[in-house]
Amino acid sequence: MAHANTVYINSNEYDCYEYMYDVVSTLNGDFEPIPKAIETFFGQKLSIRDESGKLKSALKLINLGKDTNNYKISDNYSSYSYLNYIAVMCWLDMAIDRTPSSISHLSVGLEALAAITLSDKALQDERTFAKEMGVQLSKIILSNQKKSTCVDVHPNVR
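As the structure is a computational prediction, the values presented were derived from the model and not from experiment.

A. Spatial organisation of the overall build of the protein chain. Scanning the protein chain from terminus to terminus reveals four helices and four strands. Walking the protein chain from its N terminus toward its C terminus, one meets helices and strands in the order α-β-β-β-β-α-α-α. The long-range fraction of contacts in the protein chain, counting pairs at least 24 apart against all pairs at least 6 apart in sequence, stands at 52%. Of the accessible surface of the protein chain, which amounts to about 9,800 Å², a share of 53% is contributed by carbon and sulfur atoms.

B. View of the packing of helix α1 (residues 18-27) against helix α2 (residues 81-97). The interhelical angle for the contact between α1 and α2, taken along N-to-C directions, is 100°, at an axis separation of 8 Å. If you check the angle between α1 and α2, you find them roughly perpendicular. Residues Tyr19, Met20, Tyr21, Val23, Val24 and Leu27 of α1 lie in contact with α2, whose contacting residues are Ser81, Tyr82, Asn84 and Tyr85. Along the lines of polarity and charge, the residues of the contact of α1 with α2 split into eight nonpolar, two polar and no charged.

C. Molecular detail of the nonpolar core. Formed by 39 residues in total, the largest nonpolar core has its most connected members in Ile34, Ile48, Trp91, Leu92 and Leu118. Secondary-structure elements contributing two or more residues to this core are α1, β3 (58-63), α2, α3 (100-111) and α4 (126-145). Of all the elements, α2 adds the most residues to this core, at 11 residues.

D. Quick peek at the packing of α2 against α3. Put simply, α2 and α3 touch, their axes get as near as 9 Å, and they point 170° apart. Classed by the angle they form, the pair α2 and α3 counts as roughly antiparallel. Only Ser102, Ile103, Leu106, Ser107 and Leu110 of α3 make contact with α2, whose side of the interface consists of Ala87, Cys90, Trp91, Met94 and Ala95. When the residues that make up the contact of α2 with α3 are grouped by side-chain class, the tally is eight nonpolar, two polar and no charged.

What counts as what
Residues numbered from 1 in each chain as written. Predicted model: local features only at pLDDT ≥ 70, side-chain atom pairs only at ≥ 80, totals over all residues. Heavy atoms only, no water. Helix = DSSP H or I, 4+ residues; strand = E, 2+ residues; numbered from the N terminus. Contact = heavy atoms within 4.5 Å. Areas by Shrake-Rupley, 256 points an atom, 1.4 Å probe, with all protein chains shown as cover. Axes fitted to C-alpha atoms, helices over the stretch in contact; angles between N-to-C directions. Parallel < 35°, antiparallel > 145°, perpendicular 65-115°, else oblique. Nonpolar A, V, L, I, M, F, W, Y, C, P; charged D, E, K, R; others polar. Core = buried A, V, L, I, M, F, W, Y, C linked by side-chain atoms within 4.5 Å. Buried < 20%, exposed > 50% of the residue type's maximum accessible area, 1.4 Å probe, protein only.

Right, dumping it as structure tokens:
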């Protein structure tokens with residue numbers, strides 16, 4: 001993520017997300033901390049943490065020429081710290097690199113992370129994690145595909 005206008009907590013300050021970084025470091029070793037502030041796709045400078053250092057539960061994003069809405073963000077999409085870290089970083093990357101409408105679509109997927117269950121081995125080995133995630137994400141996508149089927153407005157026209 002590391003964009004020019006991303007602001008991080010000072011290294012000598014306590015970061016309430018250290019527990020996430022420990023898990024990410026164990027599985028991956030390559031991570032950066034959750035930022036304190038970002039600059040969004042449309043140049044909006046946005047503080048993403050509250051006074052206690054936790055993520056704000058909703059962030060007001062400007063969708064230039066369209067609207068300004070609150071977009072939900074969470075540090076607790078699933079029961080796994082690694083998934084929560086990835087989810088937060090994906091959310092922030094979307095806010096930085098794309099329009100806010102992308103975050104609306106992403107939010108639906110992030111909510112589905114609550115259904116993920118991982119073995120103890122997956123939480124110790126990144127390859128096993130990737131395999132288990134791949135299988136479960138495929139199932140989630142297939143099960144939600146039925147929910148998003150388009151309604152045929154003209155059923156008799158072929």
